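Residue-level listing of the chains:
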Amino acid sequence: MSEENNFESLPLRSELVENLAALEYRQMTVVQQKALPLILQGRDVVARAKTGSGKTAAFALGMLNTVDSSQLHTHALVLCPTRELANQVTEEIRSLARRIANVRVLTLCGGTPTGPQVGSLERGVHIVVGTPGRTLKHLTKGTLKVQSIKTVVLDEADRMMDMGFSDEIEAILNYLPRKRQTLLFSATYPDGIAKISGRVQEDPVHLDVTQMESSAEIEEHWSLVRLDQRLHCLLDALEDMAGTLNIVFCNTKVDCAEITSYLRSANVAALTIHGDLEQHERTETLIRFSNQSATVLVATDVAARGLDIGKVDAVFNFELPTQPEVYLHRIGRTGRAGRKGHAISLVTHNERRRLEDIQSEFPHTDIQEYELRRVAEPSSALIPTMTTIEISGGRRNKLRPGDFLGAITASKEISGSAVGKINVLEKNTFVAVDKKVHDQAVRILNSAPIKGKSYRARSIT
Ligand code: ADP
Ligand code: MG
């Protein structure tokens, strides 16, 4: 790719450019290359791009570039179809905003009491991410003030239409100042999108990057294995093909447990997610997986449903599912932002039928036979680079990602580049740090107060 694909080529504030480097966003994705320059110019944009193409950062960087955190009013509003997506967008914005001090991002969704939301709104919020229903409720009650909103985003507009939110969306937009930037993102472009664009946007630029995206290609393989060799073959496959984030799918909880303990005994940093975990255990597991403190997640289909772990580098089917469409769901987890994904399925002689069913039901799938072998040099990707530290303070202590980053790097002993993802939850926080600085980081966090108060820090293994 050319120089032009670097974020440095755009007029972005230095905190954002530095943070993008720390997050390892080295090149812009296609939708970012096309949309971001226009967004930064303040134009209205309708962008059609596939899932996983990096749309969130495209609009988030636009709003963060002009956010003035000293002005405690709402600068921007993002509407999303579901609570999960709204939470995901909020997380991405917070992560991109990490180096700009005091940016407040709030999610407004149903299913949670309005009281705390009203409290947060009264204290002041810069960016609101909400579902249409709950956002409209706050507008009609007057608890969400809109006079300073400069940018509004309709994310996954096609899905919001499908879910019947058209009227709510128009009602919301009627509350907003006329002079504003309106951005519309969608994976498909049904008629309803043109209609709503015509009503709510001004002279929008239309972008369709679905053809240009190096689509998340997936290389699919299968290998014939003996039943009693299956675990062993899984390890061979992992050592051969693992990337940074890998999922092993299995069909039963019992297999999940057996695979996880086998992989751990082979020194693979594997975590598991199954139906019996408490909510907080699920959350902790997902955080440790996505912040790269573990390299393999072992999951059943049920446990993986609705998980927002984003895209992974490779999917390993310990066993093929009995329903062909489940296979497609599984492998769809791979192929990140233009990078090629890998999927490999272990198949016993008796299970050949399942493979044939997949191939006949989905003729476009091209699953090549692959001969597994012991590789001389196991993939170094299986060794995690990061480790997670849990700190006994969170949002209820008014702590934000920047506070932790600041505390860890204050003495200059540890550089910002050794700090990974920071997940601030209600009562506690998880910070990923490079393994090399782990002991120092725990010591610093346990000795230096954060915003005048001391917290406990412990490593999670
Ligand atoms: P979309 O909304 O288009 O479906 P997302 O915005 O959720 O896609 O992005 C998909 C994934 O790609 C996320 O994990 C995000 O962090 C990552 N990502 C986005 N832009 C870049 C980039 N320029 N470089 C590397 N990763 C990126
Ligand atoms: Mg999205």
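See above for the structure.
Residues numbered from 1 in each chain as written. Chains lettered and ligands numbered in written order. Predicted model: local features only at pLDDT ≥ 70, side-chain atom pairs only at ≥ 80, totals over all residues. Heavy atoms only, no water.

A few points about the overall build of the protein chain
Alright, step 1. The helix and strand tally for the protein chain stands at 17 helices and 18 strands.
Alright, step 2. Counting across all 461 residues of the protein chain, residues that qualify as buried make up 55%.
Alright, step 3. Once local pairs closer than 6 in sequence are excluded, the contacts in the protein chain between residues at least 24 apart make up 75%.
Alright, step 4. A total of about 21400 Å² of accessible surface is found on the protein chain, and carbon and sulfur atoms cover 48% of it.
Alright, step 5. Across the protein chain, the mean location of the 56 positive side-chain charges is 8 Å away from that of the 56 negative side-chain charges. (Helix = DSSP H or I, 4+ residues; strand = E, 2+ residues; numbered from the N terminus. Buried < 20%, exposed > 50% of the residue type's maximum accessible area, 1.4 Å probe, protein only. Contact = heavy atoms within 4.5 Å. Areas by Shrake-Rupley, 256 points an atom, 1.4 Å probe, with all protein chains shown as cover. Lys, Arg positive; Asp, Glu negative; His and termini not counted. Charge placed at Lys NZ, Arg CZ, Asp CG, Glu CD.)

Observations concerning the packing of helix 3 (residues 55-66) against helix 4 (residues 83-96)
Alright, step 1. One way to put it is that helix 3 packs onto helix 4 with a least axis distance of 10 Å and a crossing angle of 50°. Between helix 3 and helix 4, the interaxial angle falls into the category oblique. The handedness of the crossing between helix 3 and helix 4 is right-handed. Residue-level contacts link Thr56, Ala57, Phe59, Ala60, Leu61 and Leu64 of helix 3 to Val89, Glu92, Ile93 and Leu96 of helix 4. (Axes fitted to C-alpha atoms, helices over the stretch in contact; angles between N-to-C directions. Parallel < 35°, antiparallel > 145°, perpendicular 65-115°, else oblique. Left-handed = near helix turned anticlockwise from the far one by under 90°.)

Some remarks on the packing of aromatic side chains
A ring pair, where both rings are aromatic, is described by two values, the distance of the centres and the angle of the planes.
Alright, step 1. All chains considered together, the criterion is met by one aromatic pair.
Alright, step 2. One cation-aromatic arrangement involves Arg230 over Phe318; the distance from NZ or CZ to the ring centre is 5.3 Å. (Phe/Tyr/Trp six-rings, centres within 6.5 Å; stacked < 30°, edge-to-face > 60°. Lys NZ or Arg CZ within 6 Å of the ring centre and 35° of its normal.)

Thoughts on the site of ligand 1
Alright, step 1. Near ligand 1 you find 14 residues, and of these Tyr25, Gln27, Gln32, Gly52 and Thr56 are the closest.
Alright, step 2. Between ligand 1 and the protein, one listed contact pairs an oxygen atom with a backbone N or O atom of Gly54 at 3.1 Å.
Alright, step 3. Between an oxygen atom of ligand 1 and a main-chain N or O atom of Lys55, the distance comes to 3.0 Å.
Alright, step 4. A total of 570 Å² of accessible area belongs to ligand 1 in isolation, and the protein chains cover 79% of it.
Alright, step 5. Looking at the shell around ligand 1 residue by residue, the class counts come to three nonpolar, eight polar and three charged. (Near = heavy atom within 4 Å. Polar contact = N/O pair within 3.5 Å; in protein donor to acceptor, adjacent residues only side chain to side chain. Nonpolar A, V, L, I, M, F, W, Y, C, P; charged D, E, K, R; others polar.)

Points about the nonpolar core
Alright, step 1. Leu61, Leu64, Val78, Ile93 and Val129 are the most contacted members of the largest nonpolar core, which has 44 residues in total.
Alright, step 2. In this structure, Ile93 is in contact with Ala60, Leu64, Val78, Val105, Ile127 and Val129, ignoring residues within four places of it in sequence.
Alright, step 3. Counting residues in each nonpolar core, the second largest holds 27 residues, with Leu108, Leu121, Met160 and Ile196 among its members. (Core = buried A, V, L, I, M, F, W, Y, C linked by side-chain atoms within 4.5 Å.)

Comments concerning helix 10 (residues 230-241)
Because each turn of an α-helix spans 3.6 residues, side chains separated by three or four positions in sequence point in the same direction.
Alright, step 1. An ideal rise of 1.5 Å per residue puts 16 Å on twelve residues; helix 10 measures up with 16 Å between its terminal C-alpha atoms.
Alright, step 2. The buried fraction of helix 10 amounts to ten of the twelve residues, a majority that puts the element mostly inside the structure.
Alright, step 3. Restricting attention to buried positions, one finds in helix 10 the residues Arg230, Leu231, Cys233, Leu234, Leu235, Asp236, Ala237, Leu238, Glu239 and Met241.
Alright, step 4. The inward-facing, buried residues of helix 10 abut strand 8 (218-224), strand 9 (246-250), helix 11 (253-265), strand 11 (296-300), strand 12 (314-317) and strand 13 (341-347). (Expected span 1.5 Å × (residues − 1).)

Focus on helix 5 (residues 114-123)
Alright, step 1. For helix 5, every residue scored as buried is listed here: Thr114, Gln117, Val118, Gly119, Ser120 and Leu121.
Alright, step 2. The inward-facing, buried residues of helix 5 contact strand 3 (105-108), strand 4 (127-130) and helix 6 (132-141).
Alright, step 3. Once helix 5 finishes, Gly124 follows within two positions and takes phi at roughly 110°, a positive value.

Quick look at the pairing of strand 6 (residues 181-186)
Residues in a regular strand project their side chains so that they alternate between the two faces of the sheet.
Alright, step 1. Summarising burial for strand 6: six of the six residues are buried, a large majority.
Alright, step 2. In strand 6, alternate side chains face the same way, and those of Gln181, Leu183 and Phe185 on one face and Thr182, Leu184 and Ser186 on the other are all buried.

Here's the deal with the pattern of salt bridges
Alright, step 1. Inspection of every chain in the model, using the stated rule, returns 23 salt bridges.
Alright, step 2. The residue Arg330 makes a salt bridge to Asp301 at a minimum N-O spacing of 2.8 Å. Placement of the pair is Arg330 in helix 14 (residues 324-331) and Asp301 in helix 13 (residues 301-304), with a sequence separation of 29 residues.
Alright, step 3. For Arg330, a relative accessible area of 1% puts it in the buried group.
Alright, step 4. What emerges from the salt-bridge pattern is a single network uniting Asp236, Glu239 and Arg374. (Salt bridge = Lys/Arg side-chain N within 4 Å of Asp/Glu carboxyl O.)

Some remarks on the sheet that holds strand 6
Alright, step 1. The seven strands lie next to each other as 3-4-2-5-6-1-7, forming an open sheet whose pairing is parallel. Lying at the two open borders of the sheet, with one neighbouring strand each, are strand 3 and strand 7 (205-208). The mean angle between the axes of side-by-side strands here comes to 15°, regardless of whether they run parallel or antiparallel.
Alright, step 2. Relative to strand 7, strand 1 (residues 45-48) runs parallel, the two sharing four bridges. Bridge pairing in strand 7 links Val45 to Val205. (Pairing = 2+ DSSP bridges.)

Re the packing of helix 8 (residues 166-175) against helix 9 (residues 191-200)
The relative placement of two packed helices is expressed as an angle between their axes plus a distance between the axes.
Alright, step 1. Two numbers describe how helix 8 lies on helix 9: the axes approach to 11 Å, and their chain directions differ by 15°. As far as their axial angle goes, helix 9 and helix 8 are roughly parallel. The way helix 8 lies across helix 9 gives a crossing that is right-handed. Across the interface between the two elements, Ser166, Ile169, Glu170 and Leu173 from helix 8 touch Ile196, Arg199 and Val200 from helix 9.
Alright, step 2. Taken together, the residues of the contact of helix 8 with helix 9 sort by class into four nonpolar, one polar and two charged.

Quick notes on the layout of surface pockets
Alright, step 1. By volume, the second largest pocket amounts to about 410 Å³.
Alright, step 2. Along the walls of the second largest pocket sit 17 residues, with Arg178, Arg180, Thr182, Val200 and Glu202 positioned nearest its centre.
Alright, step 3. Of all the secondary-structure elements, those providing two or more residues to the lining of the second largest pocket are helix 8, strand 6 and helix 9.
Alright, step 4. Here the element with the most residues in the lining of the second largest pocket is helix 8; it accounts for three residues.
Alright, step 5. Taken together, the residues of the lining of the second largest pocket sort by class into four nonpolar, five polar and eight charged. (1 Å grid on protein atoms, 1.4 Å probe; cavity = no way out; pocket = protein on both sides within 12 Å on 5 of 7 lines; lining within 4 Å. Points joined across faces, edges and corners; volume = space filled by probe spheres on them.)

In short, the description is geometric, and any link to function would need to be established separately.
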